[in-house]
Amino acid sequence: MKILLTILYFLILSCVSSFGQSGCGIENKPFEAGEYLEYNVTYDWGFVTLNAGEVIFEVNTEKKFGKDVYHIEGTGRTYENYDWMYKVRDKYDTWVDTTDLSPNEFWRTADEGGTKYSNYYTFDRTVDSIYTKSTAQDIDKLDTLAYEDCLFDVLSLVYYCRTVNFDSLEINKKVPLVLILGGERTEIFIRYLGKEVQEVEDVGSFNTIKFSALLVEGSMFSGGEDMYIWLTDDKNRLPIRVQAEIWVGSVNSVLRSYKGLKYSVISKIED
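Being a predicted model, the structure only gives us computed values, none of them experimental.

Caption draft 1: Expanded view of the overall build of the chain. Of the regular secondary structure elements, the chain holds three helices and 16 strands. In the chain, buried positions account for 51% of the 271 residues. When contacts within the chain are restricted to residue pairs at least 6 apart in sequence, long-range pairs at least 24 apart make up 54% of them. In the structure as shown, the chain presents an accessible area of about 12500 Å², 48% of it carried by carbon and sulfur atoms.

As structure tokens, this is what we get:
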């Protein structure tokens with residue numbers, strides 16, 4: 001029940017990459033300091049649906065590394081009345097350039113079911129290296145990865161992907177994506193499925209862009225193209241809903257509230 005890592009993985013897969021086509025240049029930043037997003041996370045086991053936790057994303061600006069950067073934070077937790085079953089407290093932080101959203105530093109700390117994990121990455125473009133430190137059960141693993149353009153940590157990639165222009169995609173187009181996940185370089189892909197209307201309880205109905213995604217087999221996923229993602233079809237590119245099959249049942253992450261958006265949500269369908 002890795003709540004924040006799961007929803008981050010969902011949101012990453014919801015983006016379309018122009019990697020290898022036009023580089024990582026940014027035509028439009030769809031967010032600004034002050035943006036705040038909340039998601040409900042539910043688990044579905046047939047006839048039982050469990051509203052188990054929440055995830056919050058927040059963007060602010062700071063002075064760090066001698067320049068202005070965005071500090072993007074992600075927190076995930078189970079609700080206290082479910083802590084007895086499997087307590088989760090996750091925290092993700094990334095500091096990215098305000099110009100091209102390239103990452104400078106990344107932190108992850110997680111307490112899941114009493115087991116603690118952490119990841120720390122430093123992106124040093126002056127020597128084309130990424131220094132990583134991963135800790136699990138008090139055992140540290142240090143590594144150095146080669147820096148390459150368009151390689152992000154999981155949180156910075158979520159926000160970078162929201163800048164990509166979707167208008168030129170063809171239905172069923174498969175697009176590759178590269179990220180650092182768990183201290184390792186990981187390749188995945190998404191498939192564009194077109195546009196449709198999505199209704200979100202207590203929030204409203206939206207015109208959306210829909211994708212499926214390849215899941216990497218692991219502790220939650222059986223592997224395969226069993227994930228579906230919906231983004232608002234407007235300049236904000238907000239992830240509205242994500243649905244995926246896991247080893248037992250399915251998991252859903254659904255937008256609960258938002259504020260501080262840079263643009264009007266013109267994709268929302270008024271009653």
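That was the structure; now back to the text.
Caption draft 2: Expanded view of a nonpolar patch on the surface. Together, Trp45, Phe47 and Val48 give the surface a local cluster of nonpolar side chains, amounting to about 390 Å² of exposed area. The residue Trp45 is located in strand β1 (residues 36–45) in this model.

Caption draft 3: Representation of the environment of Glu270. For Glu270, the location among the structural elements is in the segment after β16 (268–269). With 64 residues separating them in the primary sequence, Glu270 and Phe206 have C-alpha atoms 8.9 Å apart.

Caption draft 4: The arrangement of the side chain of Ser134 in detail. The residue Ser134 is located in strand β7 (residues 129–136) in this model. Within polar-contact distance, the side chain of Ser134 engages the side chain of Asn119 at 2.9 Å. Once residues lying within four places of it in the same chain are set aside, the contact partners of Ser134 are Ser118, Asn119, Ile139, Asp140, Lys141, Gly182 and Gly183.

Caption draft 5: Quick look at the pairing of strand β6 (residues 115–124). The pairing of strand β5 (residues 103–112) with β6 spans eight bridges and is classified as antiparallel. The partner of Thr109 across the bridge, within β6, is Ser118. Where β6 meets β7, eight bridges bridge the pair, whose relative direction is antiparallel. Its bridge partner being in β7, Tyr120 is matched across the sheet by Lys133. The turn linking β6 back onto β7 is made up of four residues, and Asp128 within it adopts a positive phi angle of 55 degrees.

Caption draft 6: Representation of the nonpolar core in the model. Formed by 54 residues in total, the largest nonpolar core has its most connected members in Ile130 and Tyr159. Here this core takes seven residues from helix α3 (residues 154–161), the largest share from any one element. Look past the residues within four positions of Tyr159 in its chain and what remains in contact with it is Phe31, Glu35, Phe57, Glu58, Val59, Ile72 and Leu101.

Caption draft 7: Representation of the pattern of salt bridges. Counted according to the given criterion, the structure contains 15 salt bridges. When the shortest N-O distance is used, the salt bridge between Lys91 and Glu73 registers 3.2 Å. Highlighted residues: Lys91 in strand β4 (residues 88–97) and Glu73 in strand β3 (residues 67–78), separated in sequence by 18 residues. With a shortest N-O distance of 3.8 Å, Glu196 and Lys210 are connected by a salt bridge. Here the residue Glu196 occupies a position in strand β11 (residues 184–200), and Lys210 occupies one in strand β12 (residues 204–215), the gap between them amounting to 14 residues. Judged by its relative accessible area of 30%, Glu196 is partly exposed. Lys210 sits in the buried class, given a relative accessible area of 18%. Via salt bridges that share partners, Glu38, Glu54, Arg77 and Arg256 belong to a single interconnected network.

Caption draft 8: Representation of α3 in the model. With eight of its eight residues buried, α3 lies for the most part within the structure. Within α3, burial applies to Val154, Leu155, Ser156, Leu157, Val158, Tyr159, Tyr160 and Cys161. If you check the start of α3, you find a side-chain oxygen 2.9 Å away from the backbone N of Leu155, and it comes from Asp153.

Caption draft 9: Spotlight on unusual backbone geometry. Phi is positive for Gln137, which is not a glycine, with a value near 50 degrees. Mapped onto the fold, Gln137 is located in the loop between β7 and β8 (139–146). For Gln137, a relative accessible area of 59% gives the class exposed. Backbone geometry places Arg237, a non-glycine residue, at a positive phi of 50 degrees. Take Arg237: it is sitting in the loop between β13 (224–232) and β14 (239–245).

Caption draft 10: Focus on the environment of Asn207. The topology assignment puts Asn207 in strand β12. In sequence terms Asn207 and Lys268 are 61 residues apart; their C-alpha atoms lie 6.4 Å from each other. For Asn207, the residues in contact, after removing those within four places along its chain, are Glu196, Val197, Leu231, Thr232, Asp233, Ser267 and Ile269.

The rules behind each value
Residue numbering note: each chain is counted from 1, following its sequence as written. Given that the model is predicted, a residue must reach a pLDDT of at least 70 before its local features are reported, and side-chain atom pairs must reach 80 or more before they are shown or counted; all residues, however, enter totals for whole chains, interfaces and linings. Where side-chain values are given, they derive from all heavy atoms of the structure, hydrogens and water being excluded. Secondary structure follows DSSP: runs of H or I at least 4 residues long count as helices, runs of E at least 2 residues long count as strands, and numbering of each begins at the N terminus. Each residue's exposure class comes from its accessible area (1.4 Å probe, protein chains only) as a fraction of the maximum for that residue type: buried when under 20%, exposed when over 50%, partly exposed otherwise. Contacts are residue-level and defined by heavy atoms, with any inter-residue pair within 4.5 Å sufficient. Areas reported as accessible are Shrake-Rupley estimates using a 1.4 Å probe. Residue values count occlusion only from the protein chains shown. Patches here are clusters of residues that have more than 30% relative accessible area and form no salt bridge, with a 9 Å joining cutoff for like charges and a 5 Å cutoff for nonpolar side chains (Val, Leu, Ile, Met, Phe, Trp, Tyr). Any Lys or Arg side-chain nitrogen found within 4 Å of a carboxyl oxygen on Asp or Glu counts as a salt bridge. A 3.5 Å cut-off defines polar contacts: any pair of N or O atoms within that distance qualifies, except that in protein one atom must be a possible hydrogen donor and the other a possible acceptor, and neighbouring residues in sequence count only when both atoms are side-chain atoms. A pair of strands is treated as paired once DSSP finds two or more bridges between them. The criterion is simple. A nonpolar core is a set of buried Ala, Val, Leu, Ile, Met, Phe, Trp, Tyr and Cys residues joined through side-chain atoms within 4.5 Å.

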